[in-house]
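# What the coordinates show
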Amino acid sequence: MNGWEFLDEFVKLPLVIKPQIFVVSSHFELNEINKGNSYGIVSDYISKPLVESKLTDLFESVMTASI
């Protein structure tokens, strides 16, 4: 199952509270970004390689948004 197949199945779950979903990829084309946005649950896109500073910024933004 790839990431898009996962999202196809995930959105079918009867969850009351949906978690934030972040797409992680080594490349982003406009059609991928548009496809992700069509799910409505994709919060952001993160490019590889994942480095500590990117993850720190992500965690800080998620924690700030949840307060």
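Attention in this report is confined to the structure presented alongside it. (Residues numbered from 1 in each chain as written. Predicted model: local features only at pLDDT ≥ 70, side-chain atom pairs only at ≥ 80, totals over all residues. Heavy atoms only, no water.)

## Let's talk about the overall build of the chain
Within the chain one finds three helices and two strands. For the chain, the succession of helices and strands along the chain, N to C, is α-β-α-β-α. With the C-alpha coordinates of the chain rotated into their principal frame, the extents come out at 30 × 30 × 20 Å. Residues counted as buried form 21% of the 67 residues belonging to the chain. Counted over contacts in the chain with a minimum sequence separation of 6, partners at least 24 positions apart contribute 32%. In the structure as shown, the chain presents an accessible area of about 5100 Å², 60% of it carried by carbon and sulfur atoms. Each charge sign in the chain was given a centre, from 5 positive and 9 negative side chains, and these centres are 6 Å apart. (Helix = DSSP H or I, 4+ residues; strand = E, 2+ residues; numbered from the N terminus. Buried < 20%, exposed > 50% of the residue type's maximum accessible area, 1.4 Å probe, protein only. Contact = heavy atoms within 4.5 Å. Areas by Shrake-Rupley, 256 points an atom, 1.4 Å probe, with all protein chains shown as cover. Lys, Arg positive; Asp, Glu negative; His and termini not counted. Charge placed at Lys NZ, Arg CZ, Asp CG, Glu CD.)

## Examining the environment of Gly40
Locating Gly40 in the fold gives a position in the loop between α2 (30-37) and β2 (42-47). On the basis of relative accessibility, which here comes to 64%, the residue Gly40 falls in the exposed class. Each C-alpha atom, one on Gly40 and one on Gln20, is 10.0 Å from the other, the two residues being 20 residues apart in sequence.

## Some thoughts on the pairing of β2
By the bridge criterion, five bridges tie strand β1 (residues 21-25) to β2 in an arrangement that is parallel. Looking at β2, one finds that Ser25 is bridged to Ser47. In this fold, the crossover linking β1 to β2 by way of α2 has right-handed handedness. (Pairing = 2+ DSSP bridges. Right-handed = clockwise from strand over helix to strand, strands pointing away.)

## Describing the side chain of Ser25
Within the fold, Ser25 resides in strand β1. If we skip the residues at most four places from it in the chain, Ser25 touches Glu32, Ile46, Ser47 and Lys48.

## With respect to the nonpolar core
Nonpolar side chains in soluble globular proteins tend to end up buried together. In this structure, Trp4, Leu7, Phe10, Ile21, Val23, Tyr39, Ile41, Val42 and Tyr45 together form the largest nonpolar core, which totals nine residues. Only α1 (3-10), β1 and β2 provide two or more residues apiece to this core. For Val23, the residues in contact, after removing those within four places along its chain, are Phe28, Val42, Asp44, Tyr45 and Ile46. (Core = buried A, V, L, I, M, F, W, Y, C linked by side-chain atoms within 4.5 Å.)

## As for the pattern of salt bridges
Scanning the model with the defined rule gives one salt bridge in all. Here Glu9 and Lys12 are joined by a salt bridge, their closest N and O atoms 3.2 Å apart. Owing to a relative accessible area of 41%, Glu9 belongs among the partly exposed residues under this scheme. Here Lys12 falls in the exposed class, since its relative accessible area comes to 58%. (Salt bridge = Lys/Arg side-chain N within 4 Å of Asp/Glu carboxyl O.)

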